[in-house]
Amino acid sequence: MTRRTASIILDSVALLLFTALTSWPLTGLVFHEWAALLLLLLMGRHVLTHGDWIAGRLRRLREDGLRRVTPAAWLNLALFVAMGTTIFSGFVISKVLLPNALAAGTWIKWHSLHDIATLVTLLLLGLHLGMNWDLVLAGL
């Protein structure tokens, strides 16, 4: 199996998992939280798989400054922040994996952040997929 094929499989599983996570009322909270943990691991693997690209962008940033950073790099950074916020806020409001004792008002604030970050992640993920569609087709 080539690296590209493995990447396509990993990313496809992550996309299906993210889709299931956005439908948590259908799957239940227990599945939602365990699937989120699995998605976190898959996204870590995704970042490691594309580490050369990330290192190249960071090197370019150090050498050329902000003026030469590509739109793809900005999009990926925004997606990283949005998904990180989604996952972190999800762990804060967790009821299964990391049961918390948050006051109702605090829980609602974190849950609102989780919902907003999820929507932003969904939007950015669609843009990310569209921007890399040629790589997806090449991998298939």
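Definitions and cut-offs
- Residues numbered from 1 in each chain as written.
- Predicted model: local features only at pLDDT ≥ 70, side-chain atom pairs only at ≥ 80, totals over all residues.
- Heavy atoms only, no water.
- Helix = DSSP H or I, 4+ residues; strand = E, 2+ residues; numbered from the N terminus.
- Buried < 20%, exposed > 50% of the residue type's maximum accessible area, 1.4 Å probe, protein only.
- Contact = heavy atoms within 4.5 Å.
- Areas by Shrake-Rupley, 256 points an atom, 1.4 Å probe, with all protein chains shown as cover.
- Lys, Arg positive; Asp, Glu negative; His and termini not counted.
- Charge placed at Lys NZ, Arg CZ, Asp CG, Glu CD.
- Axes fitted to C-alpha atoms, helices over the stretch in contact; angles between N-to-C directions.
- Parallel < 35°, antiparallel > 145°, perpendicular 65-115°, else oblique.
- Left-handed = near helix turned anticlockwise from the far one by under 90°.
- Nonpolar A, V, L, I, M, F, W, Y, C, P; charged D, E, K, R; others polar.

A closer look at the overall build of the chain
Turning to step 1, where the next piece is worked out: The number of helices and strands found in the chain is 7 helices and 0 strands.
Turning to step 2, where the next piece is worked out: Written out in order from the N terminus, the α and β elements of the chain read α-α-α-α-α-α-α.
Turning to step 3, where the next piece is worked out: With the principal axes as the frame, the chain shows a C-alpha extent of 45 × 35 × 20 Å.
Turning to step 4, where the next piece is worked out: By residue count, 29% of the 140 residues in the chain fall in the buried class.
Turning to step 5, where the next piece is worked out: Counting only contacts in the chain whose residues sit at least 6 apart along the sequence, the fraction spanning at least 24 positions is 65%.
Turning to step 6, where the next piece is worked out: Of the accessible surface of the chain, which amounts to about 9100 Å², a share of 73% is contributed by carbon and sulfur atoms.
Turning to step 7, where the next piece is worked out: One finds the centroid of the 11 positive side-chain charges in the chain at a distance of 5 Å from the centroid of its 7 negative side-chain charges.

Topic: the packing of helix 1 (residues 3–21) against helix 3 (residues 29–49)
Turning to step 1, where the next piece is worked out: One way to put it is that helix 1 packs onto helix 3 with a least axis distance of 9 Å and a crossing angle of 150 degrees. Considering the angle they form, helix 1 stands roughly antiparallel to helix 3. Two packed elements cross with a definite hand, and for helix 1 against helix 3 that hand is left-handed. The segment helix 1 lies against helix 3, with R3, S7, L10, D11, V13, A14, L17, F18, A20 and L21 engaging F31, H32, A35, A36, L38, L39, L42, M43, R45, H46 and T49.
Turning to step 2, where the next piece is worked out: Here the residues of the contact of helix 1 with helix 3 sort into 14 nonpolar, 4 polar and 3 charged.

This is a description of form; function is not addressed.
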